[in-house]
Amino acid sequence: MSFRWAVTIVPLALLTLAIAADRPSPVALALTPAGIVVLNSNGQILRADLQDPVVFHPICRNYDVVFDMAAGVWNGQLSIFVVGLSDDRRASRVIWYSGAGKVMKQWSAVIRLSGVAFDTSSGTIYVTGGNSSIYSIPVGASALNNLVSVAGTFRIGPITIDSRHGRLFVAEIENAGIYAIDLTGRNQRRVARALGAVSALAYDSDRSTLYAADSDGHLWMWNPDMPAQPTRIAVAVPLREPLGLALVPGGDLLVGDRGSGKVLRISPAGHLVAQFQ
């Protein structure tokens with residue numbers, strides 16, 4: 001997701017920042033005007049202020065098993081959406097948290113859900129699940145709406161949104177195809193293939209650039225509206241298990257690397273700008 005707002009981030013000199021006991025083990029992350037939000041593998045949600053991103057503060061912890069998270073400022077308040085399993089692990093659910101960790105609402109589904117994205121312009125949540133389906137959930141709705149099934153796919157997971165052009169990008173978990181789908185669900189096309197097992201996506205609408213991370217620790221970037229194939233970013237530090245991506249205004253990328261327990265800030269050229277651990 002791309003955020004178009006002005007903010008002062010940490011200096012571009014390489015930093016290693018000390019984190020308190022509530023340290024990241026990220027399976028997903030988001031960068032919002034209200035700060036950095038991290039979903040840990042143990043279900044804990046952490047937050048760091050943009051003006052002082054040295055310490056991650058715990059917001060809440062509510063899941064046994066979590067898969068993905070999306071966050072954004074909607075109606076002037078930070079909203080966080082987590083996809084995971086219910087307490088008895090018999091159903092999937094999406095839980096909406098406030099920035100203070102209060103449960104605002106939740107939606108349950110008997111199908112297996114996996115990825116989530118949030119459109120702050122419309123207040124709509126999009127989730128992947130049921131192998132090849134995308135579901136939409138307006139925050140005022142009581143149930144999931146089946147938006148579209150992505151043709152030719154078996155199991156989709158990571159998802160991100162391009163609000164400016166009214167479309168979603170989703171990735172197959174196993175066959176490594178990436179697809180663009182408009183928000184009406186009528187038009188869909190493949191924009192990349194054979195990247196490896198894609199674990200996260202992020203789209204920069206200001207630069208028309210789609211980013212992907214895969215399970216082999218690679219980062220990729222390309223313009224999905226051009227015929228050129230994805231370019232692998234030569235990252236200066238090894239990534240062990242990148243599961244979360246978020247965009248920093250100015251072009252840098254935040255990478256949540258569960259394998260190293262770090263959130264890394266990486267330039268488009270692959271240079272390490274900062275790391276939070």
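Residue indices begin from 1 for each chain and proceed along its sequence in written order. Predicted model: local features are reported for residues with pLDDT of at least 70 only, side-chain atom pairs are reported and counted for 80 or more only, and whole-chain, interface and lining totals are derived from all residues. With hydrogens and water excluded, all non-hydrogen atoms of the structure serve as input to the side-chain values.

A.B. asks: How do you make sense of the overall build of the chain when you look at a structure like this?
C.D. replies: For the chain, the count of helices and strands is zero helices and 25 strands. Each of the 277 residues in the chain was classed as buried or not, and the buried ones make up 57%. Residues count as neighbours in contact if any of their non-hydrogen atoms are within 4.5 Å of one another. In the chain, once contacts between residues fewer than 6 apart in sequence are set aside, the share between residues at least 24 apart is 43%. Computed by Shrake-Rupley with a 1.4 Å probe, the accessible areas treat only the displayed protein chains as cover when residues are assessed. Per element, the accessible surface of the chain, about 11,400 Å² overall, is 49% carbon and sulfur. Secondary structure elements follow DSSP: runs of H or I of four or more residues count as helices, runs of E of two or more count as strands, with numbering from the N terminus. Relative accessibility under 20% of the residue-type maximum defines a buried residue, over 50% an exposed one, and the middle range a partly exposed one, all with a 1.4 Å probe and only protein chains included.

A.B. asks: Where do I start with the sheet that holds strand β6 (residues 66-74) in this structure?
C.D. replies: The pairing of strands in a sheet comes from backbone hydrogen bonds and takes either a parallel or an antiparallel form. With antiparallel pairing, four strands are arranged side by side in an open sheet as β6-β7-β8-β9. Across the chains shown, the open sheet's two edge strands, defined by having one partner strand only, are β6 and β9 (103-109). Taken pair by pair, the neighbouring strands of this sheet meet at an average axis angle of 15°, ignoring direction. Paired strands, as defined in this entry, are two strands with at least two bridges between them according to DSSP. An axis is simply a line fitted to the C-alpha atoms; with a helix, the fit covers only the stretch in contact. Between two such axes, the angle follows the N-to-C directions and lies from 0 to 180 degrees.

A.B. asks: Just checking my understanding: could you explain unusual backbone geometry for this structure?
C.D. replies: Leaving glycine aside, a negative phi is the common case for residues, and trans is the common case for peptide bonds. Of note in this structure, N75 is not a glycine but carries a positive phi near 55°. Along the polypeptide, N75 turns up in the loop between β6 and β7 (77-85). Residue class for N75 comes out exposed when judged on its relative accessible area of 63%. A positive phi is found at N131, a non-glycine position, where the angle reads about 75°. On the secondary structure map, N131 appears in the loop between β11 (124-129) and β12 (133-138).

A.B. asks: What should I look at first to understand the sheet that holds strand β19 (residues 209-214) in this one?
C.D. replies: Strands sit in the order β18-β19-β20-β21 across an open sheet of four strands; the sheet is antiparallel. The two strands at the open ends of the sheet, each matched to only one other strand, are β18 (198-204) and β21 (231-233). Strand-to-strand twist of the sheet, defined as the mean angle between neighbouring strand axes without regard to direction, takes the value 25°. Two strands pair when backbone bridges link them, and β18 and β19 are joined in this way by six bridges, in the antiparallel orientation. The residue of β19 that forms the bridge with L201 is A212.

A.B. asks: Is there a simple way to think about the environment of R89 in this case?
C.D. replies: Secondary-structure assignment places R89 in the loop between β7 and β8 (92-98). For the pair R89 and V65, spaced 24 residues apart in sequence, the C-alpha to C-alpha distance is 8.2 Å. Beyond its immediate chain neighbours, meaning those up to four positions away, R89 contacts D64 and V65.

A.B. asks: When you look at the side chain of S86 in this model, what are you seeing that I'm missing?
C.D. replies: Along the polypeptide, S86 turns up in the loop between β7 and β8. The class for S86 is buried, based on a relative accessible area of 11%. Within polar-contact distance, the side chain of S86 engages the side chain of D88 at 2.8 Å. When neighbours within four sequence positions are excluded, S86 is seen to be in contact with A91 and R93. The definition of a polar contact used here is a pair of N or O atoms within 3.5 Å, where within protein one atom must be able to donate a hydrogen and the other to accept one, and adjacent residues in sequence count solely through side-chain atom pairs.

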